[in-house]
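# Report on the structure
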Amino acid sequence: MFGRKKNAAGQQAYQRVFELHQRAQFLCYINEAYLEPNGEAMCMKLEGIVARGTGTLGDRYQLYDCRGRKKAEITMEELYLGRDSVPSLQGGDKRVALYPKEQEVPYMAGDLLCIFPEDEPFEM
């Protein structure tokens, strides 16, 4: 057989990410995460693509790493589609920018941003 066999930890990570994709009502892939100057301060900017659902400024987002492990619960200061400030992002939106209020979280490319139905909180 060609290729590598997945070890148990890799299989668990795959299963967690698969579950995120299945259960999230909003899902955004974070392609870039970096500090950007904002006046005299630096602020975190997340760039990505919205795969599913609608996310608004008032929503609480769940942040997961690329292996499906929960990192934080966050809220947004601003949302952008291209260069335009918007109140919400929708599935299919590309070139989105998100500015989280929580600056101390270790954001990175590969993270997944999710919203789950209120009656189905996601924990693994």
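Preceding this section is the structure that the text describes.
Figured I'd write up the structure that's included with this text.

Rules used throughout
- Residue indices follow the written sequence of each chain, beginning from 1 at its first position.
- Predicted model: local features are reported for residues with pLDDT of at least 70 only, side-chain atom pairs are reported and counted for 80 or more only, and whole-chain, interface and lining totals are derived from all residues.
- The basis for the side-chain values is all heavy atoms of the structure; hydrogens and waters are excluded.
- By the convention used here, strands pair only if DSSP detects at least 2 bridges between them.
- We count a stretch as a helix when DSSP gives it H or I for four or more residues in a row; a strand needs E for two or more, and each element gets its number in order from the N terminus.
- Residue contacts follow a heavy-atom distance rule, with two residues in contact if any of their heavy atoms lie within 4.5 Å.
- Angular values range over 0 to 180 degrees, each being the angle between N-to-C directions of two axes fitted as lines to C-alpha atoms, with helices fitted over their stretch in contact.
- Nonpolar cores were defined as sets of buried Ala, Val, Leu, Ile, Met, Phe, Trp, Tyr and Cys residues, with membership established by side-chain atoms within 4.5 Å.
- Each residue gets one of three labels from its accessible area relative to the maximum for its type: buried under 20%, exposed over 50%, partly exposed in between, using a 1.4 Å probe on protein chains only.

## Considering the sheet that holds strand 10 (residues 112–115)
On the basis of which strands lie adjacent, the open sheet formed by 8 strands has the order 5-4-10-1-2-9-6-7 and antiparallel pairing. Single-partner strands in this sheet number two, and they are strand 5 (70–74) and strand 7 (84–85). Two strands pair when backbone bridges link them, and strand 4 (residues 61–64) and strand 5 are joined in this way by 4 bridges, in the antiparallel orientation. When the sheet's bridge partners are listed, Leu63 is paired in strand 5 with Ala72. Against the sheet, helix 1 (residues 8–23) engages strand 1 (26–38), strand 2 (41–52), strand 4 and strand 10, with an angle of about 45° to strand 10.

## Overview of the nonpolar core
Nonpolar side chains in soluble globular proteins tend to end up buried together. Judged by nonpolar contacts, the single largest core of 20 residues is most densely connected at Cys28, Tyr61, Ile74, Leu98 and Leu113. When residues of this core are traced back to their parent elements, those giving at least two are strand 1, strand 2, strand 4, strand 5, strand 6 (76–81), strand 9 (96–100) and strand 10. Among the nonpolar cores identified, the runner-up in size contains 8 residues, and Val17, Ala24, Leu27 and Phe116 belong to it.

Don't take any of this as a statement about function, it's just geometry.
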